[in-house]
Amino acid sequence: MKHLLVRAGAVVAVVAALTTGCSRPDPAAPPERELTQAEQLRISDADEVLVERCMNRAGFSYWTSPRLSLEESREPGYVSDDVEWARKHGYGSRIADAAARYRRTNPNGAYRAGLSAERRKAYDEALDGGHRARILTAKLPGGNATIRKRLGGCSEEAERTLYGDPDAWFQAEKAVTNLQPLYVPEILRDERFTTALAGWAACMKRAGFAYPDPAAARDATARAGDFASETRTAVAEARCARETSLAAVARERQTHYLNALRDQYGEELDAHRRMQRGAYERAAGITGARV
C-alpha cells in the first residue's frame with residue numbers, strides 16, 4: 001500500500017526538477033510562477049495529514065511520515081551548485097539512509113500487520129479502496145504506452161480535497177512528469193549544454209576528480225560508501241558547477257526544449273500548473289510549511 005511507505009513527490013529527472021514555468025492558461029495574463037520546492041512539499045505533507053484524518057474517522061490509527069527540514073528535503077537535480085549544502089550533506093546519502101530506515105520500521109506497516117484478517121481488509125479498503133479500488137489509466141507522451149493507478153478510500157479523498165478531480169490530476173501529472181524522454185536527448189545534444197558540461201568535467205579533473213558528468217561522480221561515491229569522499233566530491237561538483245554555470249545552463253536549456261513541446265502538450269502543462277497551484281492554496285490551510 002503506497003501510504004505505508006514514505007510518500008515522495010519528487011521526480012528523478014536527467015536535468016533537474018521538471019520546469020513548467022512557461023504554462024499560461026490565458027495568453028493575455030502574466031505567467032504564473034513555478035511552485036517552489038517548499039510549496040510542493042507542503043502539498044505532499046497536506047496529503048498525508050488528510051489521509052491521517054480520514055483513517056482516524058474510519059476507526060484506524062495512522063502515522064504521517066517524519067518531516068525533514070526544508071534544507072534536508074532539497075533535491076540536488078542534475079548538478080548542484082550549492083557549495084555549503086554539499087559541504088554539510090555531500091550528495092545527501094545520510095538523509096536518504098535515514099529515510100530508508102524509516103521505511104523499514106514504518107509504524108503503519110506494523111500496525112496493519114497486527115490487525116485481524118477482517119480488520120486488515122477493512123484497513124486496506126479505508127486506505128486506498130482495497131480490492132474495490134478503481135483503476136485510473138493515463139497515456140504517456142510520445143507513444144502508446146499507458147500507466148495505471150489504483151485509487152480509492154482515503155487516498156482518493158485526500159487527492160480530491162487537494163486537486164478537485166483526481167482523474168484529471170492523474171492524467172495531467174503523468175503527462176507532464178513523463179515528458180523527459182522527449183526533451184532530454186535534445187538537451188544532451190545541445191551545444192551550449194555540451195560546452196558547459198565539458199568545462200565542468202575539465203574543472204573537476206583539475207580538482208582531482210576525473211568524471212565526465214555529475215551522474216558518474218555520484219555513482220562512484222555511492223559505490224565507495226565513504227561520506228568524507230562523498231563530501232569532497234560533492235563540494236568540487238558544486239564549485240565547478242558555479243564556475244562553469246552548468247546548473248544554470250541545464251535549467252535554461254530544459255526550459256527552452258520544454259517550451260518547444262507546448263504546441264503538442266500545452267494543454268497538459270497548463271492543467272498541471274493550474275491544479276498544482278490550487279492544491280497548494282488548499283494545502284496552506286491544512287498544514288504548516290517546512291522550516
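The structure under discussion appears in the preceding block.
Note that the coordinates shown come from a computational prediction; the quantities given were computed from them, not determined experimentally.

Here's the deal with the nonpolar core
Phase 1 of the analysis: By size, the foremost hydrophobic cluster in this structure holds 27 residues, and its most contacted members are Tyr78, Val79, Leu179, Tyr183, Phe193, Trp200 and Leu246.
Phase 2 of the analysis: Listing elements by their share of this core, those giving two or more residues are α8 (180-189), α9 (191-206), α11 (227-244), α12 (246-259) and α13 (262-283).
Phase 3 of the analysis: Here this core gets seven residues from one element, more than from any other, and that element is α9.
Phase 4 of the analysis: Each residue touching Leu246, except ones within four places of it in the same chain, is listed here: Tyr78, Val79, Phe193, Ala196, Leu197, Trp200, Pro214 and Ala241.
Phase 5 of the analysis: Core analysis: the next-biggest nonpolar cluster, separate from the first, contains 26 residues, Leu35, Ala46, Ala172 and Ile286 among them.

Digging into the packing of aromatic side chains
To describe a pair of aromatic rings, you give the distance between the ring centres and the angle between the ring planes.
Phase 1 of the analysis: Following the criterion strictly, the structure yields five aromatic pairs and no others.
Phase 2 of the analysis: Between Trp63 and Tyr111, the aromatic rings sit 5.6 Å apart at their centres with planes inclined by 70°, giving edge-to-face as the arrangement. Pair noted here: Trp63 is in the loop between α1 (37-57) and α2 (83-89) and Tyr111 is in helix α4 (residues 107-113), with a separation of 48 residues, a long-range link.
Phase 3 of the analysis: Look at Tyr111 and Tyr123: their rings are 5.9 Å apart centre to centre, the planes differ by 55°, and that puts the pair in the tilted class. You can see Tyr111 sitting in helix α4 and its partner Tyr123 sitting in helix α5 (residues 117-128), a full 12 residues away along the chain.
Phase 4 of the analysis: In this structure an aromatic cluster arises from ring pairing among Phe60, Trp63, Tyr111 and Tyr123.
Phase 5 of the analysis: In this structure, Arg94 packs its charged tip against the face of Phe227, placed 3.8 Å from the ring centre.

What counts as what
Residues numbered from 1 in each chain as written. Predicted model: local features only at pLDDT ≥ 70, side-chain atom pairs only at ≥ 80, totals over all residues. Heavy atoms only, no water. Core = buried A, V, L, I, M, F, W, Y, C linked by side-chain atoms within 4.5 Å. Buried < 20%, exposed > 50% of the residue type's maximum accessible area, 1.4 Å probe, protein only. Helix = DSSP H or I, 4+ residues; strand = E, 2+ residues; numbered from the N terminus. Contact = heavy atoms within 4.5 Å. Phe/Tyr/Trp six-rings, centres within 6.5 Å; stacked < 30°, edge-to-face > 60°. Lys NZ or Arg CZ within 6 Å of the ring centre and 35° of its normal.

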